[in-house]
Amino acid sequence: PTSAQVSAVPHSGRFCYTLDNDLLSPEQRQFYEDNGYLLIKNLVSDEDIERFRKEFTRICKREVKPPGVMIMKDESLRSQFGQSEKVVNKVQDFQEDEELFRYCTLPEILKYVECFTGPNIMAMHTMLINKLPDSEQQTFLHPMHQDLHYFPFRPASRIVCAWTAMERAHQDNGCLLVQPGTHKTALKPHGYPELQGKTNKLFHGLLDEDEKIPKVHLVMEKGDTVFFHPLLIHGSGINRTSGFRKSISCHFASSECHYIDVKNTTQEHLEKELQEMVSKKYNATSVELKDIWNFRARLVQGERINL
């Protein structure tokens, strides 16, 4: 069993996954309803992106040490000494870093987020991804997955990810891959794929991927932002260039969402893995999944209700 059935409250009769708003055109709403994602061109300024890039470099060099931030290195490079963008593939949980957290408060981002979550908005999960150049031995791709696998809160239709390209993202440097329409499916079982190289921590993927469902490469320019549903099956390919492909993202949820118990569901093994990681990092004896998410979550607009 999965954690919960997907339920969405219809709005205006035909829209299940968006709320009535004055921003999205009927065509944009319909595209998201049908496909589970919506790409907005040139949404975040070059100036903001450069500020995020500089802060990422400072975090890699340990010039700043925001509380709670998780600096993730690629497993295949763990033996290499040093802390730089050459080995760091992700800065996660940056909610206490005011410079990076500015991304989650940008008015141009939040006005779109509100179309999916409503006015009471929590920033639940933050990441700056630095996709490293790949080689034959290393596997830096993120397998196809559904983000809802990581989240113990519902309803899914009131959660949305904002993902912004910090430079041009294309097939050669491992842009996002999506399977349009899969947001209408149930949450599927995930686990570590059996890859030849070492698998990166928490990079879970679908255990049974349907290869017949067409995939779309989201080619994006710097500042372009895609908003997508947490059940949309997506991933990213290998970076075959010599450069780094950076993106910054946040999963937002309505503060009216509620926590669920993931015991005896497909998410239970993830809960155990997360608890072990947090217990080890903070030397804590007992950590509840809800506590981890309470720590990560920050209100960005409106009123904090449940989350």
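Please read all numbers here as calculations on a predicted model, not as lab measurements.

Procedures and definitions
- Residues numbered from 1 in each chain as written.
- Predicted model: local features only at pLDDT ≥ 70, side-chain atom pairs only at ≥ 80, totals over all residues.
- Heavy atoms only, no water.
- Helix = DSSP H or I, 4+ residues; strand = E, 2+ residues; numbered from the N terminus.
- Buried < 20%, exposed > 50% of the residue type's maximum accessible area, 1.4 Å probe, protein only.
- Contact = heavy atoms within 4.5 Å.
- Areas by Shrake-Rupley, 256 points an atom, 1.4 Å probe, with all protein chains shown as cover.
- pLDDT = per-residue confidence, 0-100.
- Arc of directions from axis to C-beta.
- Pairing = 2+ DSSP bridges.
- Phe/Tyr/Trp six-rings, centres within 6.5 Å; stacked < 30°, edge-to-face > 60°.
- Lys NZ or Arg CZ within 6 Å of the ring centre and 35° of its normal.

(A) Highlighting the overall build of the chain. Each helix and strand in the chain was counted, giving six helices and 16 strands. Residue burial in the chain is summarised as follows: out of 307 residues, 56% are buried. In the chain, the proportion of contacts linking residues at least 24 apart, taken out of those at least 6 apart, comes to 81%. Accessible surface for the chain amounts to roughly 13600 Å². Of this, 50% is attributable to carbon and sulfur atoms.

(B) The environment of E288, seen in detail. Following the sequence through the fold, E288 ends up in the loop between α5 (268-282) and α6 (289-296). When the C-alpha atoms of E288 and Q275 are compared, they prove to be 7.2 Å apart, with 13 residues separating the residues in sequence.

(C) Structural context of the confidence of the model for the chain. With 86% of its residues at a pLDDT of 70 or more, the chain shows a mean pLDDT of 86. Residue range residues 1-11 is modelled with pLDDT below 50. Its contacts to residues more than four positions away, or to other chains, number 28 contacts.

(D) Up close: helix α4 (residues 107-117). The complete set of buried residues in α4 reads I109, L110, Y112, V113, C115, F116 and T117. Positive phi shows up at G118, right after α4, with a value of about 90°.

(E) Geometry of helix α3 (residues 98-105). For α3, the complete set of buried residues consists of L100, F101, Y103 and C104. With its buried residues spanning 125° around the axis, α3 presents them on a single face.

(F) Up close: the pairing of strand β4 (residues 121-131). Burial analysis of β4 places eleven of its eleven residues in the buried class, the great majority of the element. Of the strand pairs in this sheet, β4 and strand β16 (residues 298-301) are connected by three bridges, and their pairing is antiparallel. Its bridge partner lying in β16, A123 is registered against R298. Here ten bridges tie β4 to strand β14 (residues 245-254), and the two strands are oriented antiparallel to one another. Pairing of K131 across the sheet is with R245, part of β14.

(G) View of the packing of aromatic side chains. This model, assessed by the stated rule, comprises nine aromatic pairs. Summarising the aromatic geometry, the rings of F31 and Y37 are spaced 5.3 Å apart at their centres and angled 90° between planes, so their arrangement reads as edge-to-face. Judged by its relative accessible area of 34%, F31 falls in the partly exposed class. For Y37, a relative accessible area of 7% translates into the label buried. Between F151 and F153, the aromatic rings sit 5.2 Å apart at their centres with planes inclined by 15°, giving stacked as the arrangement. Comparing F151 with F153, the two get one shared label, buried. Over the face of the ring belonging to W293 we find R296, whose NZ or CZ atom lies 4.5 Å from the ring centre. Seen from the ring of F101, R298 lies directly overhead, with NZ or CZ sitting 4.1 Å from the centre.

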